[in-house]
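A look at the structure
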Amino acid sequence: MNPTKTNPEPEATKAAAPVPVPSGPAAPAASTADPAWHLYAVLAAAFALRAALLVGLPTSALATLREFVAVSTPVTSWKRFQEGLYLYTRGLPLYANDVFHQSPLLLPFFAALPPAAHPWVCILVDVSVAAMLAYIARKQPELEPAAHLPVGPQVGVDRRGGGVEWTPARVALAYGANPLAIAACLGMETGGIERALVVLAAQRAVAGDRMWAACALAAAAQLGFYPIVLVPIIALILRRSEKLSAMALIPAVVMSVAMWNVVFHMFFTHVLGLDSWEVLGATTGFILRVPDMSPSIGVWWYFVTEVFDHFRAFFVFVFQAHVFVYLFPVLLRFGAELPIFALTTYLGIQATLRAYPTCGDYALWLAFLPLYANTWKYYRYAFPAAAVFFATSLLFPAMYLLWTALHSGNANFPYALKLVLALGATLVHADAVHGVLVRAHHAGIQEGLVAGLARARVLAAGGPPKPARVHTGDTDSEAEEEAEKQRLVAVKKAQEEAGKEPVPEGIEPWRVYPTVAMYSESE
């Protein structure tokens, strides 16, 4: 019996046969959908929690909280602000004494409200911070795509961290349910309005609103001075949202902030009838000179109190310089691609090193960290840092009461815990920067592997594109051009079937990373 003969496959068909390439199963894209009612529920719960504590706690407990050193400082104390409000409503000099050292910017607003409405204003401002954080979290993947490059088989925006997908509503919840934020809100420290203005500046920058971002940042600098260092970071966020040159935007934002500060000082002079230089010396000058060394959760007060007087100016200068010297390296490394992470890093630096910090400063810094939850798995000291924050949060009030109320301790007790807190904050700083850098490195390797897989499928579909021929008008050239177009269509289809995100336009996948050589050599 003669075997049945079959026609041999054409050579072109053999060449087009798919080449097996290593590929893992593609995971579904990370969901970024977050129903609006989730955010509304979080904001309503945050407001209800603060309102319930405001109404339910005894008046004596709220008064004690408003004078506690972790909430009240010489430049944010609500008691001192009430003193300034009393002087303002009666037309008396604001800065003739050594009690009121806050900006007069808020005095007309609070003077127009009944005293019973003041706590509710603080609650509304605090809840608005959570809402603005949710907006920033929703826009952040668009402005910082490098922070969400896929690592592993997943495709799409990666928001997972700690086994939770950190949607915008959950980012708002991280701030709204933070006990430090709640304590600062109920303590009614005016630093809460400063922080709200900083977040407003970031939110307006994310939205591409240059004028109001500069206005909010200038107002925040009037209240606390240190937000002035955030000007180039806000400018770089605007650069990402407006897709403009940093060399053009940074000077423009600096000029805008400067002009808004001039407007505010003209308001102090011509509307409030104050001496602008006196206001500047009693507010910003007070923060820079640090004459009041009342106990706080900062690293300054005990050290500057114990140093010899003739060395005091030098050490104050060194401590103040620390808040500014880290700006250049942070901008150099993260400013171009990750400006919101640069803002997150510098909020933590300010919370740790500013002259008069409060627990609300730490709460705002920690609220930005869930934006980069996908880096948490690279943290090395997560448990020690969490343990330090938990222990100091419980022990600091106890040690402070032992010193001030029971007189069975001394100033070393709370200050030692403050140093431990600074150590924990340093660990979180190091882990956050390390996590972002390591994840970016792994994402780069993954992108190279994806490019290698795409190249293998391109080769399977007919090889890399050949240089385009110049059209001469003859029939052979037209046939070759038509065949080339069909081959390029097959190449594009093979890339789409690779199960990965397509290689960006204008980049030849076989030239992206050297790591793709392992696939080209195997063929």
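Keep in mind that this is a model prediction, so the values were computed, not measured. (Residues numbered from 1 in each chain as written. Predicted model: local features only at pLDDT ≥ 70, side-chain atom pairs only at ≥ 80, totals over all residues. Heavy atoms only, no water.)

1. Looking at the overall build of the chain
Secondary structure assignment for the chain yields 23 helices and 2 strands. Counting the 523 residues in the chain, one finds 48% classified as buried. (Helix = DSSP H or I, 4+ residues; strand = E, 2+ residues; numbered from the N terminus. Buried < 20%, exposed > 50% of the residue type's maximum accessible area, 1.4 Å probe, protein only.)

2. Quick word on unusual backbone geometry
If you check the backbone angles, Met188 has positive phi at about 55° while not being a glycine. Tracing the sequence through the fold places Met188 in the loop between helix H8 (179-186) and helix H9 (191-206). A positive phi angle, near 65°, is found at Phe225, a position not held by glycine. Looking at the secondary structure, you find Phe225 in the loop between helix H10 (210-224) and helix H11 (231-242). Judged by relative accessible area, which is 16%, Phe225 ranks as buried.

3. What about the confidence of the model for the chain?
For the chain, mean pLDDT is 81; residues scoring 70 or higher make up 79% of the total. Here helix H23 (residues 517-522) stands out as the element of the chain with the lowest mean pLDDT, 34, in contrast to H9, whose mean of 95 is the highest. Scored below 50 in pLDDT, residues 1-32 shows 29 contacts in the model against residues more than four places distant or in partner chains. In the model, residues 499-523 has pLDDT below 50 throughout and makes 40 contacts with residues more than four positions away in sequence or in other chains. (pLDDT = per-residue confidence, 0-100. Contact = heavy atoms within 4.5 Å.)

4. Things to note about the packing of aromatic side chains
Two numbers describe a pair of aromatic rings. These are the distance of the centres and the angle of the planes. Taken as a whole and judged by the stated rule, the model has 29 aromatic pairs. With 6.2 Å between their ring centres and 65° between their planes, Phe68 and Phe396 make a pair best called edge-to-face. Here Phe68 is found in the loop between helix H3 (59-66) and helix H4 (78-89), whereas its partner Phe396 is found in helix H20 (residues 382-404), with 328 residues between them in sequence. Per residue, the accessibility class of Phe68 equals that of Phe396, and both read buried. The rings of Phe68, Trp301, Tyr302, Phe396, Tyr400, Trp403 and Tyr415 are connected pair by pair, giving a single aromatic cluster. (Phe/Tyr/Trp six-rings, centres within 6.5 Å; stacked < 30°, edge-to-face > 60°.)

5. Considering the packing of helix H16 (residues 309-325) against helix H18 (residues 339-353)
Close contact between H16 and H18 brings their axes to 9 Å; oriented N to C, the two are set at 170°. The angle between the axes of H16 and H18 places the two elements in the roughly antiparallel class. On H18, the residues touching His322, Val323, Phe324 and Val325 of H16 are Tyr346, Gln350 and Leu353. Among the residues making up the contact of H16 with H18, the classes are represented as 5 nonpolar, 2 polar and no charged. (Axes fitted to C-alpha atoms, helices over the stretch in contact; angles between N-to-C directions. Parallel < 35°, antiparallel > 145°, perpendicular 65-115°, else oblique. Nonpolar A, V, L, I, M, F, W, Y, C, P; charged D, E, K, R; others polar.)

6. Notes on the state of the cysteines
Overall, the coordinates contain 0 disulfides when judged by the stated rule. Cys122 takes part in no disulfide bond, and the closest cysteine sulfur to it belongs to Cys185, at a distance of 6.4 Å. Residue class for Cys122 comes out buried when judged on its relative accessible area of 12%. (Disulfide = S-S within 2.5 Å.)

7. A short note on the pattern of salt bridges
A complete count under the given rule lists 11 salt bridges for this structure. Here Asp126 and Arg50 are joined by a salt bridge, their closest N and O atoms 2.8 Å apart. Taken together, the positions of Asp126 in helix H6 (residues 118-143) and Arg50 in helix H2 (residues 36-56) put the pair 76 residues apart, joining distant regions of the chain. The buried category is assigned to Asp126, whose relative accessible area is 8%. (Salt bridge = Lys/Arg side-chain N within 4 Å of Asp/Glu carboxyl O.)

8. A closer look at the packing of H10 against H11
At a minimum axis distance of 11 Å, the contact between H10 and H11 shows a crossing angle of 165°. With respect to H11, the axis of H10 lies roughly antiparallel. When the axes of H10 and H11 are compared, the crossing they make is right-handed. Counted together, Arg210, Ala213 and Leu217 of H10 and Val231, Ile234, Leu238 and Glu242 of H11 form the full contact between these two elements. Across the contact of H10 with H11, the residue classes break down as 5 nonpolar, no polar and 2 charged. (Left-handed = near helix turned anticlockwise from the far one by under 90°.)

9. Side note on the environment of Val388
Relative to the assigned elements, Val388 resides in helix H20. The spacing of Val388 and Gly424 is 36 residues in sequence and 5.6 Å in space, taken between C-alpha atoms. Those residues in contact with Val388 that sit more than four places away from it in its chain are Val420, Leu421 and Gly424.

10. Quick word on the environment of Tyr346
Take Tyr346: it is sitting in helix H18. Sequence-wise, Tyr346 and Val330 are 16 residues apart; in three dimensions their C-alpha atoms are separated by 8.0 Å.

11. Some words on the nonpolar core
Counting 136 residues, the largest nonpolar core has Leu230, Ile233, Ile234, Ile237 and Phe368 as its most contacted members. It is H6 that contributes the most residues to this core, 13 residues altogether. (Core = buried A, V, L, I, M, F, W, Y, C linked by side-chain atoms within 4.5 Å.)

12. Some points on a nonpolar patch on the surface
There is a patch of nonpolar side chains on the surface, built from Met259, Val262 and Met266 and spanning about 280 Å² of accessible area. Looking at the secondary structure, you find Met259 in helix H12 (residues 246-270). With relative accessibility at 47%, the residue Met259 sits in the partly exposed group. (Patch = residues over 30% accessible without salt bridge, like charges linked within 9 Å, V, L, I, M, F, W, Y side chains within 5 Å. Areas by Shrake-Rupley, 256 points an atom, 1.4 Å probe, with all protein chains shown as cover.)

13. Examining H10
Taking 1.5 Å as the rise per residue, H10 with 15 residues should run 21 Å; its terminal C-alpha atoms sit 21 Å apart, in good agreement. With 12 of 15 residues buried, H10 lies mostly within the body of the structure. Every buried residue of H10 is listed here: Ala213, Ala214, Cys215, Ala216, Leu217, Ala218, Ala219, Ala220, Ala221, Gln222, Leu223 and Gly224. In this structure Asp209 caps H10, since a side-chain oxygen of it lies 3.5 Å from the backbone nitrogen of Trp212. (Expected span 1.5 Å × (residues − 1). Polar contact = N/O pair within 3.5 Å; in protein donor to acceptor, adjacent residues only side chain to side chain.)

14. Quick notes on H18
In a regular helix each residue adds 1.5 Å, so 15 residues correspond to 21 Å; H18 covers 21 Å between its end C-alpha atoms and thus fits that length. Of all 15 residues making up H18, 15 are buried, and the element is well covered by its neighbours.

15. As for the side chain of Thr283
Along the chain, the position of Thr283 falls in the loop between helix H13 (276-282) and helix H14 (284-289). A polar atom in the side chain of Thr283 sits 2.6 Å from the backbone oxygen of Val279. For Thr283, the contacting residues outside a window of four places in its chain are Tyr95, His101, Gln102 and Ser103.

16. Side note on the environment of Leu180
With respect to the helices and strands, Leu180 occurs in helix H8. A relative accessible area of 24% places Leu180 in the partly exposed class. Considered as a pair, Leu180 and Ala363 are 183 residues apart in the sequence and their alpha carbons are 5.6 Å apart. Each residue touching Leu180, except ones within four places of it in the same chain, is listed here: Cys359, Gly360, Tyr362 and Ala363.

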